[in-house]
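Structural characterization, general
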Amino acid sequence: MKSIISVKNLTKIYERGSEKIHAVDGVNLEINQGDIVSVIGESGSGKTTLVNLIGCLDNPTSGELYLDGQQIFAQGVELSESKLTRIRSEFFGYVFQKFFLIPTLTVKENILLPSIFQSKVKTSEKELDEIMTLLGILKRKNHLPSELSGGEMQRVAIARALVGKPKILIADEPTGNLDSKRSQEIKDLLIKLNKEFGITIIMVTHSPELAKIGNRMIEIKDGKIS
Ligand SMILES: Nc1ncnc2c1ncn2[C@@H]1O[C@H](COP(=O)(O)OP(=O)(O)OP(=O)(O)O)[C@@H](O)[C@H]1O
Ligand SMILES: [Mg+2]
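No experiment lies behind these values; they were computed from the predicted model shown.

Further remarks concern the layout of surface pockets. Taken as a whole, the second largest pocket encloses approximately 310 Å³ of empty space. Together, 13 residues line the second largest pocket, and Ile131, Leu134, Leu162, Lys165 and Phe197 are the ones closest to its centre. Secondary-structure elements contributing two or more residues to the lining of the second largest pocket are α5 (125-134) and α7 (180-197). Split into classes, the residues belonging to the lining of the second largest pocket amount to eight nonpolar, one polar and four charged.

Structure below.
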């Protein structure tokens, strides 16, 4: 299998006053294309920090990150914000525990939001309808987020993450705000995205049920893989 993410000695140190917090502490990791990686561990162990570094949402203090063999972070290499923006849109879709939908925009407008910021992403009405059908939210196209259930909101957030046709989906507690039935739906959907489109998935979860879908499970303890 082809490696899509390569992480070498990745470290993130936060400074709070005189205190140094090693949120991510020398992590080494190889992720192959098509993997589903479950990231588990106690609260505060560094899961979000790690996936944000991998997703280029945050800069490491030190260490290296390669995406598809392309060097992103390394000693002495600093990418401009515009380059990072391009890499984010080329590789990643993001789903967060809080759905981050814009309340005044319709479902359709929320899903198309990335296309407004990324000139690369052009989504036709047909493609939009296909994504919405896949996620079972086509009927909600012109509704406002306030008119949706939690599970529907999360599926809108996933649709938004998919419009750029990402190679990698980063999901930080995607079912954290959902009941067990809605969680099950999101779980089935993630499996489907992986099987049908070969999307690599990195998923942080506290749910053993969801973590089970990973072909790899990584436990983080004090910023390290244990
Ligand atoms: N911006 C920040 N400034 C200072 N410390 C931070 C910052 N973000 C995170 N931390 C600290 O880094 C450590 C790891 O945090 P992180 O959010 O990665 O944990 P987590 O495993 O995702 O936890 P949870 O399961 O609660 O979401 C924690 O000790 C946290 O307090
Ligand atoms: Mg977290």
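After presenting the structure, the write-up continues.
Scanning the model with the defined rule gives four aromatic pairs in all. For the ring pair phenylalanine 91 and phenylalanine 92, a centre distance of 6.2 Å and an interplane angle of 50° mean the geometry is tilted. A single burial state applies to phenylalanine 91 and to phenylalanine 92, both of which are buried. A residue is classified by how much of its surface remains accessible, and phenylalanine 92, at 6% relative accessible area, is buried. Three or more aromatic residues link up through ring pairs in this structure, and these residues are Phe91, Phe92, Tyr94, Phe96 and Phe100. Its guanidinium or amino end placed over the ring of phenylalanine 91, lysine 167 lies 4.7 Å from that ring's centre, counting from NZ or CZ.

On to the site of ligand 1, then. Contacts to ligand 1 come from 14 residues, most closely from Ser43, Gly44, Lys47, Thr48 and Thr49. Here glycine 44 contributes a backbone N or O atom positioned 2.8 Å from an oxygen atom of ligand 1. Interatomic distance of 3.3 Å between a side-chain N/O atom of histidine 206 and an oxygen atom of ligand 1. Considered on its own, ligand 1 offers 640 Å² of accessible surface; in the complex 66% of this is hidden by protein. The greatest single-element share of the shell around ligand 1, amounting to three residues, is contributed by helix α1 (residues 47-54). Here the shell around ligand 1 is built from residues that sort into three nonpolar, seven polar and four charged.

Calculation notes
- Residues numbered from 1 in each chain as written.
- Chains lettered and ligands numbered in written order.
- Predicted model: local features only at pLDDT ≥ 70, side-chain atom pairs only at ≥ 80, totals over all residues.
- Heavy atoms only, no water.
- 1 Å grid on protein atoms, 1.4 Å probe; cavity = no way out; pocket = protein on both sides within 12 Å on 5 of 7 lines; lining within 4 Å.
- Points joined across faces, edges and corners; volume = space filled by probe spheres on them.
- Helix = DSSP H or I, 4+ residues; strand = E, 2+ residues; numbered from the N terminus.
- Nonpolar A, V, L, I, M, F, W, Y, C, P; charged D, E, K, R; others polar.
- Phe/Tyr/Trp six-rings, centres within 6.5 Å; stacked < 30°, edge-to-face > 60°.
- Buried < 20%, exposed > 50% of the residue type's maximum accessible area, 1.4 Å probe, protein only.
- Lys NZ or Arg CZ within 6 Å of the ring centre and 35° of its normal.
- Near = heavy atom within 4 Å.
- Polar contact = N/O pair within 3.5 Å; in protein donor to acceptor, adjacent residues only side chain to side chain.
- Areas by Shrake-Rupley, 256 points an atom, 1.4 Å probe, with all protein chains shown as cover.

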